[in-house]
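Working through the structure, step by step
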Amino acid sequence: MITKEATVPAPTPVSAPPAPEQRPRGSNRSWDEVPRWQIYLPLSVYLVFTLIPFYWILLFALRPAGSTSLVPWPMTFDHFDKVWTQRSFGTYFQNSLLVGVATLVMTTVVALAGGYALARFDFKIKQGFMLALLCSQFVPGALLLVPLFEIFAELKMINSLGSVILAETVFQLPLSIILISNFIKNVPYSLEEAAWVDGCNRLTAFRIVVLPLLRPGLIAVGSFAFVHSWNHFLFALMFLNNQDKQTIPVGLNTLMSADSVDLGALAAGGIIAAVPVVIVFAFIQKWLITGFSAGAVKG
C-alpha cells in the first residue's frame, strides 16, 4: 500500500520591522521635543514686560505721597479716597457705567436686527450696503465732531449723556452688524424652517431657535461696545460741559494740569477705570472665545 506523505507548506519568513527613519541632523524637531525652557523663558520675559507697568501704577496708587520706595509699604488708600470723593470720580464712574450699559444694549439690539436682515434676506443694494459698512470703519470719529455737534445742538442734546450714548452706538454699529450677520449665517437655515413647519412665525422662530445659538456672538459684540464706550474720551469731552455729566476718561484728564501732575491720584484713577473692564473680560472670557470660534460651525 502506497501512502502519500502530507506536504506541509514551508513557513513564510517574517520580515523584520523597518528600522525607524533616521531624522537628518539639523532638521526641525517636533513641538514635544522642544525643551521646556525654550518655551517658558520667552513667555516669562513677555509676562514681566507686561506686568511691570501694572505694578508701577499700583506702586504710585498705594504708597504715600512723596515716597520713593519701590515697595508700597506702608500701604495707604488716601489717593483712592481723594479721587473718589474730592475729584468726583464716584459721579464719573456712574456716568461711564450708564453710557457703557446703554451703548451695549442699543448696539446689540440694532445690530441683531440689521445682521439678521443681511444674513437671511436678499435685496438689490445688499452688496453696496455691506461695502458702505466696511468703508465707514476707515472714517475717524474726529472728522465728524463738528457735524455731530451741530446736529445735537439742534436736538437740544448738548450736555446730555444721551448725545454720547447715541454717538457711541452709531460708531459701533457697522462692525457689530457685520459680526452678527456672520454669526447668523453659521446657524443652519433648516432650523428656522423646521420651526415654521411646527407653526411658529418668523419672529417666534428667531426668538426660540436662532437667538439662543447667538449668545457667544452677542456677548462678544456687546463686550466690545461696552469697553469702547467706557474708554472713549473724545465724544464725552466735546458733548458734555458740566462736571457732573463727565465720564471717567475726561475725569482722568482733569488730574493733569500744565504745571503739575498728581501721580498718586492719577494712578488711583487709572486703577478705578481699569477694574470694570478687567471684571467684564474675566467673566465673559469663555463666551468670547466661543464667539470668535463660531465660524467653525457647519451648517
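Everything quoted here is computed from the prediction, not taken from an experiment.

Rules of the game
- Residues numbered from 1 in each chain as written.
- Predicted model: local features only at pLDDT ≥ 70, side-chain atom pairs only at ≥ 80, totals over all residues.
- Heavy atoms only, no water.
- Helix = DSSP H or I, 4+ residues; strand = E, 2+ residues; numbered from the N terminus.
- Buried < 20%, exposed > 50% of the residue type's maximum accessible area, 1.4 Å probe, protein only.
- Contact = heavy atoms within 4.5 Å.
- Areas by Shrake-Rupley, 256 points an atom, 1.4 Å probe, with all protein chains shown as cover.
- Polar contact = N/O pair within 3.5 Å; in protein donor to acceptor, adjacent residues only side chain to side chain.
- Salt bridge = Lys/Arg side-chain N within 4 Å of Asp/Glu carboxyl O.
- Core = buried A, V, L, I, M, F, W, Y, C linked by side-chain atoms within 4.5 Å.
- Axes fitted to C-alpha atoms, helices over the stretch in contact; angles between N-to-C directions.
- Parallel < 35°, antiparallel > 145°, perpendicular 65-115°, else oblique.
- Left-handed = near helix turned anticlockwise from the far one by under 90°.
- Nonpolar A, V, L, I, M, F, W, Y, C, P; charged D, E, K, R; others polar.
- Expected span 1.5 Å × (residues − 1).
- Bend = angle between axes of the 7 residues up to and from the residue.
- Phe/Tyr/Trp six-rings, centres within 6.5 Å; stacked < 30°, edge-to-face > 60°.
- pLDDT = per-residue confidence, 0-100.

**Observations concerning the overall build of the protein chain**
For the protein chain, the count of helices and strands is 12 helices and 0 strands. Mapped in sequence order, the helices and strands of the protein chain form the string α-α-α-α-α-α-α-α-α-α-α-α. Expressed as a percentage of its 299 residues, the buried residues of the protein chain come to 34%. Within the protein chain, residue pairs in contact and separated by at least 24 positions form 70% of the contacts whose partners lie at least 6 positions apart. Carbon and sulfur atoms provide 68% of the accessible area of the protein chain, an area that totals close to 19600 Å².

**Re unusual backbone geometry**
Phi is positive for S88, close to 60 degrees, though the residue is something other than glycine. Position of S88 relative to the elements: it lies in the loop between α2 (78-86) and α3 (89-120). Given a relative accessible area of 22%, S88 falls into the partly exposed group. Notably, N159 is not glycine yet its phi reads approximately 65 degrees, a positive angle.

**So, the environment of W230**
Following the sequence through the fold, W230 ends up in helix α9 (residues 215-231). In this view, W230 contacts F93, S96, L97, I248, P249, A273, P276 and V277; residues no more than four positions away in its chain are not counted. For W230, the side chain forms a polar contact with the main-chain oxygen of A273, separated by 2.9 Å.

**So, the pattern of salt bridges**
Pairing of side chains with opposite charge becomes possible as their charged atoms draw close. Counted according to the given criterion, the structure contains 2 salt bridges. A salt bridge links K126 to D122, with the shortest nitrogen-to-oxygen separation between them at 3.4 Å. D122 sits in the exposed class, given a relative accessible area of 74%.

**Comments concerning the nonpolar core**
Core analysis: the largest hydrophobic core is formed by 20 residues, its most contacted members being F80, V83, F89 and I248. The biggest single contributor to this core is helix α12 (residues 263-292), with 7 residues. Beyond its immediate sequence surroundings of up to four residues, F89 is in contact with V83, W84, I248, G251, L252, L255 and G269. The next biggest cluster of nonpolar side chains, apart from the first, holds 19 residues, and it includes L112, A119, V187 and L214.

**Quick word on the side chain of S181**
Along the chain, the position of S181 falls in helix α6 (residues 161-185). With residues up to four places along the chain from it excluded, the contact list for S181 reads G115, L118 and A119.

**Things to note about the packing of helix α4 (residues 126-136) against α6**
Contact geometry for α4 and α6: axes closest at 8 Å, N-to-C directions at 130 degrees. By the angle class used here, α4 and α6 are oblique. Our pair here, α4 against α6, has a crossing hand that is left-handed. Contacts from M130, L133, L134 and S136 of α4 reach α6 at P174, I177 and I178. Taken together, the residues of the contact of α4 with α6 sort by class into 6 nonpolar, 1 polar and no charged.

**Description of α6**
Taking 1.5 Å per residue, 25 residues should reach 36 Å; α6 reaches 35 Å between its end C-alpha atoms and fits that length. Maximum bend of α6: about 45 degrees, positioned at L173, with proline P174 one to four residues after it.

**As for the side chain of H79**
Mapping H79 onto the fold places it in helix α2. When neighbours within four sequence positions are excluded, H79 is seen to be in contact with F60, A61, R63, P64, A65, G264, A265 and A268.

**Topic: the packing of helix α7 (residues 189-197) against helix α8 (residues 202-213)**
α8 packs onto α7 with a crossing angle of 140 degrees between their chain directions and a minimal axis gap of 9 Å. Between α7 and α8, the angle is such that the two are oblique. As for the relative orientation of α7 and α8, their crossing is right-handed in sense. Packed against α7, whose contacting residues are Y189, L191, E192, A195 and W196, the element α8 presents R202, A205, V209, V210 and L213 at the interface.

**A word on the packing of aromatic side chains**
Counted by the stated rule, this structure contains 12 aromatic pairs. Ring geometry for F89 and Y92: centres 5.5 Å apart, planes at 65 degrees, overall edge-to-face. Taken as a pair, F89 and Y92 lie in helix α3 at a separation of 3 residues, close to a single helical turn. Of the two residues, F89 and Y92, neither departs from the other in class, the shared state being buried. An aromatic cluster is defined as three or more aromatic residues linked by ring pairs; in this entry it consists of W84, F93, F226 and W230.

**As for the confidence of the model for the protein chain**
Looking at the protein chain as a whole, the pLDDT averages 81, with 85% of positions reaching at least 70. Averaged over each element, pLDDT in the protein chain is lowest for α12 (80) and highest for α3 (91). Ignoring residues within four places in sequence, the model shows residues 295-299, a span with pLDDT below 50, making 4 contacts including any to other chains.

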